[in-house]
Amino acid sequence: MSSQITPRSEISDSINASDQTQTRKADHLRICLDEDVQFRQQTNGLDRYRFTHCCLPELNRNDIDLTTVFLGKKLGAPLLISSMTGGTAQAKMINQRLAIAAQHFNIAMGVGSQRVAVENPEVADTFAVRNLAPDILLFANLGAVQLNYNYGLEQCQRVIDILEADALILHLNPLQECIQTEGDTNFRGLLDKINILCNKLPIPVIAKEVGNGISATMATRLLEAGITAIDVAGAGGTSWAKIEGERATDPRQRRLGQTFADWGLPTAECIARIRTIDANVPLIASGGLRNGLEVAKAIALGADLAGLAFPFLQAAAESQEAVSTLVDILKAEISTVLFCTGNRTLTELKQSGVLEQI
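Cut-offs applied
Residues numbered from 1 in each chain as written. Predicted model: local features only at pLDDT ≥ 70, side-chain atom pairs only at ≥ 80, totals over all residues. Heavy atoms only, no water. Core = buried A, V, L, I, M, F, W, Y, C linked by side-chain atoms within 4.5 Å. Buried < 20%, exposed > 50% of the residue type's maximum accessible area, 1.4 Å probe, protein only. Helix = DSSP H or I, 4+ residues; strand = E, 2+ residues; numbered from the N terminus. Contact = heavy atoms within 4.5 Å. Pairing = 2+ DSSP bridges. Axes fitted to C-alpha atoms, helices over the stretch in contact; angles between N-to-C directions. Salt bridge = Lys/Arg side-chain N within 4 Å of Asp/Glu carboxyl O.

> Even after reading the chapter, I still don't get the nonpolar core, so can you show me in this structure?
Across soluble globular proteins, you tend to see nonpolar side chains buried next to one another. One finds Leu79, Ile107, Met109, Leu168, Ile194, Ile230 and Phe312 to be the most contacted residues of the largest nonpolar core, which totals 98 residues. Here this core takes 8 residues from helix H13 (residues 320-341), the largest share from any one element. For Met109, the contacting residues outside a window of four places in its chain are Leu80, Ile81, Asn95, Leu98, Ala99, Ala102, Val129, Ile136, Leu137, Leu138 and Phe139. Counting 12 residues, the second largest nonpolar core, distinct from the first, contains Leu75, Leu80, Ile169 and Leu305.

Next up, the structure:
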């Protein structure tokens, strides 16, 4: 019985691809933490809204309830530690700190793209946090475009298994791929492939942008393809165009990063418009959220969960205590909004009509 030997060139190509992905992961962390890669002028749109203050809430603040349910799982607050990183020693430390806090506060968590773990199984442990957070709502993550680059059901199931995940995020990042020097830009036919995945995977699939937003039109097409939930990941926060421009050595790619630094749909606009076409789709607001007041605005606009990345990245790079302190502050800020608008629960906040456009 003969065995097939993998050509040395293919082994070399695989090693090179893995090394490139790990280097890219390390670059992303360094640039996010050390450089100014936030949107320059574009905001998340939540600054265009304000709450109507209630001078007599008729509530005991201690009775305020921040619990919610998302994808069938009860959470202690409407917070998601958004997908960020993995694949390096520093990323492992960050993911572990985030997971410990997520378990303590019973909030949701996603990890960064697990492509590097598919290419190099030795780094799978930099994502695998289920042992630290056995009870949380946990999201695996792959780039949707990889479905056009020899990824399919097997690779998706592999990243789900690494995490023992409750759902799989397929992230959509056409602008980032355009500016990334080694970017994958064949997005043709992805909706059909997403549809096949959604029908075959045993867990829900979430469509997520990476900071440029999802329009109502695209949300409709994604839902028709079988997507269960939408994470709008709108403009106004970290600019992946700026990050990839910062990484680039090619002058053309650096120029593209500058030109498109503020490209995208504001988070608030995405939430409001998607809610006009579907009142019930599980909806995550992310993209430039920096505090609990903005979280509350996003919830009042119609989101079910609010995701933050950069604030959690900064805290996790500092210490475990800093992550816990951040969650505690976010919860206090959300509770203060509920109390000062006369609402005891998040459902009441959504139904109260106390958020008005300025």
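> Help me understand the sheet that holds strand E5 (residues 108-110), please; the structure alone is not making it clear to me.
Sheet strands associate in pairs through backbone hydrogen bonding, adopting either a parallel or an antiparallel arrangement. Read around the barrel, 8 strands follow the order E4-E5-E6-E7-E8-E9-E10-E11 and close on themselves; strand pairing throughout is parallel. Taking each pair of neighbouring strands and ignoring which way they run, the sheet shows an average axis angle of 25°. Relative to strand E9 (residues 229-231), strand E8 (residues 205-209) runs parallel, the two sharing 3 bridges. Residue pairing for E9: Ile206 is matched across the bridge by Ala229. Against the sheet, helix H2 (residues 89-105) makes contact with strand E4 (79-81) and E5, and its axis sits at roughly 160° relative to E5, the strand it touches most.

> How should the environment of Ile329 be read in this particular structure?
As for its position among the elements, Ile329 is in helix H13. Between the C-alpha atoms of Ile329 and Ala317, which are 12 residues apart in sequence, the distance is 18 Å.

> Even after reading the chapter, I still don't get the pattern of salt bridges, so can you show me in this structure?
Pairing is possible between side chains that carry opposite charge, provided their charged atoms lie close to one another. Here the structure, examined in full by the defined rule, presents 15 salt bridges. For Arg273, the salt bridge goes to Glu269, with nearest N and O atoms at 3.4 Å. Taken together, the residues Arg273 and Glu269, both in helix H10 (residues 267-277) and 4 residues apart, mark about one turn of the helix. For Glu269, a relative accessible area of 25% gives the class partly exposed. Residues Lys350 and Asp304 are paired through a salt bridge, measuring 2.7 Å at the closest nitrogen-oxygen approach. Residue Lys350 is located in helix H14 (residues 346-352), and its partner Asp304 is located in the loop between helix H11 (292-301) and strand E11 (305-308); the two are separated by 46 residues in the primary sequence.

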